[in-house]
Amino acid sequence: MIEHSIRPEHIIVTTFTKKAANEMKERLSQMLEGTNIQLNKLVIGTFHSICMRILMQYGYVINLKGFKIAADRDWDDVMKSLIDPITDDIADIRDLVSNGSLNGGKPLQLERNKPSEKSPYDIKKLRKQISKLKSKGIYPDDYSLQKDYNKELHIIFKLFQEKLESSGLLDFDDLLVKTSQLLSKRNCVSKIKHVLI
């Protein structure tokens, strides 16, 4: 910054963990001591926290406002509300699976729980499958267009995403994808010239 005369507000400094972001802030505050550079003008944080800031400020561009971040517990609660107790939609899926009507596409890579257990699905495995799709920017409608999609997962994914959105929640994958969608519509961070990872 000092050596190359880069204005602090033109830089994003990002990392993967909150701990590392806090350490960067501490180190930079020491390095910048005695200069006229204000640390609070730098955008420093994790990928998710920076995306959240951008969405909170400019989310209205993609009709996104008043959202909250879905913590792990929120995610589980939303999923459990669909599959435990079993909703009519999920019961229909189970019937289709058991009578072989949900054929075609790739098999769902989830071991179902034992019939004696309350829910037929392992929430951790469902989360992994859904997160894997969303991290690639694939939402339920996109997923249904893939030739090897799984109908069972698609229905659960669609119900889950609708419930998440109607509750005003974004999960961590949504933060990244929605920011990408926003920036492809409008460059809201045009002042940023440098990104340090």
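In what follows, the structure referred to is the one given above.
We now turn to the structure provided with this report. (Residues numbered from 1 in each chain as written. Predicted model: local features only at pLDDT ≥ 70, side-chain atom pairs only at ≥ 80, totals over all residues. Heavy atoms only, no water.)

The three strands lie next to each other as 2-1-5, forming an open sheet whose pairing is parallel. Among the strands making up the open sheet, the edge pair consists of strand 2 (43-46) and strand 5 (194-196). For this sheet, the mean inter-axis angle between neighbouring strands, taken without regard to orientation, is 20 degrees. Judged from the four bridges that link them, strand 1 (residues 11-15) and strand 2 form a sheet pairing that is parallel. Counted as the bridge partner of threonine 14 is glycine 45 from strand 2. Strand contacts of helix 1 (residues 18-31): strand 1 and strand 2, with the helix running at about 155 degrees to strand 2, the strand carrying the most contacts. Running over the sheet, helix 2 (residues 47-58) touches strand 1 and strand 2 and is turned about 125 degrees from strand 2. (Pairing = 2+ DSSP bridges. Helix = DSSP H or I, 4+ residues; strand = E, 2+ residues; numbered from the N terminus. Axes fitted to C-alpha atoms, helices over the stretch in contact; angles between N-to-C directions. Contact = heavy atoms within 4.5 Å.)

Next up on the list: helix 7 (residues 151-166). When the terminal C-alpha atoms of helix 7 are compared, their 22 Å separation across 16 residues agrees well with the 22 Å that a helix rising 1.5 Å per residue should span. Buried within helix 7 are the following residues: Glu152, Leu153, His154, Ile156, Phe157, Leu159, Phe160, Gln161 and Leu164. In this structure asparagine 150 caps helix 7, since a side-chain oxygen of it lies 2.9 Å from the backbone nitrogen of glutamate 152. Positive backbone phi, at 70 degrees, marks glycine 168, one or two positions downstream of helix 7. (Expected span 1.5 Å × (residues − 1). Buried < 20%, exposed > 50% of the residue type's maximum accessible area, 1.4 Å probe, protein only. Polar contact = N/O pair within 3.5 Å; in protein donor to acceptor, adjacent residues only side chain to side chain.)

Quick look at the side chain of threonine 46 now. Of note, threonine 46 is situated in strand 2. Residues within four places of threonine 46 in sequence aside, it is in contact with Thr14, Thr15, Phe16, Thr17, Lys18 and Ala21.

The full count for this structure, using the stated rule, is seven salt bridges. For the salt bridge of glutamate 162 with lysine 158, the shortest nitrogen-to-oxygen distance reads 3.6 Å. Taken together, the residues span about one helical turn, with glutamate 162 and lysine 158 both in helix 7 at a distance of four residues. Look at glutamate 162 and you get partly exposed, because its relative accessible area is 42%. (Salt bridge = Lys/Arg side-chain N within 4 Å of Asp/Glu carboxyl O.)

So, about the packing of aromatic side chains. Applying the stated rule across the entire model yields three aromatic pairs. Their ring planes at 50 degrees and their centres at 4.9 Å tell us that phenylalanine 16 and phenylalanine 47 sit as a pair that is tilted. Highlighted residues: phenylalanine 16 in the loop between strand 1 and helix 1 and phenylalanine 47 in helix 2, separated in sequence by 31 residues. Phenylalanine 47 sits in the partly exposed class, given a relative accessible area of 25%. Measuring from centroid to centroid gives 5.8 Å for tyrosine 143 and tyrosine 149, while their planes differ by 90 degrees, and the two rings are edge-to-face. Of the two residues, tyrosine 143 and tyrosine 149, both sit in the buried class. Above the plane of the ring of tyrosine 139 lies lysine 178, whose end atom (NZ or CZ) is 5.2 Å from the centre. (Phe/Tyr/Trp six-rings, centres within 6.5 Å; stacked < 30°, edge-to-face > 60°. Lys NZ or Arg CZ within 6 Å of the ring centre and 35° of its normal.)

Note on placement: threonine 179 falls in helix 8 (residues 172-185). Judged by its relative accessible area of 4%, threonine 179 is buried. A distance of 2.6 Å separates a polar atom in the side chain of threonine 179 from the backbone oxygen of leucine 175. For threonine 179, the residues in contact, after removing those within four places along its chain, are Cys51, Ile54, Leu55 and Asp174.

Relative to the 16 Å expected for twelve residues at 1.5 Å per residue, helix 3 (residues 72-83) spans 17 Å between its end C-alpha atoms, a close match to the ideal helical length. Of the positions making up helix 3, those classed as buried are Trp75, Val78, Met79, Leu82 and Ile83. Down the axis, helix 3 shows its buried residues gathered within 120 degrees of arc, on one side only. (Arc of directions from axis to C-beta.)

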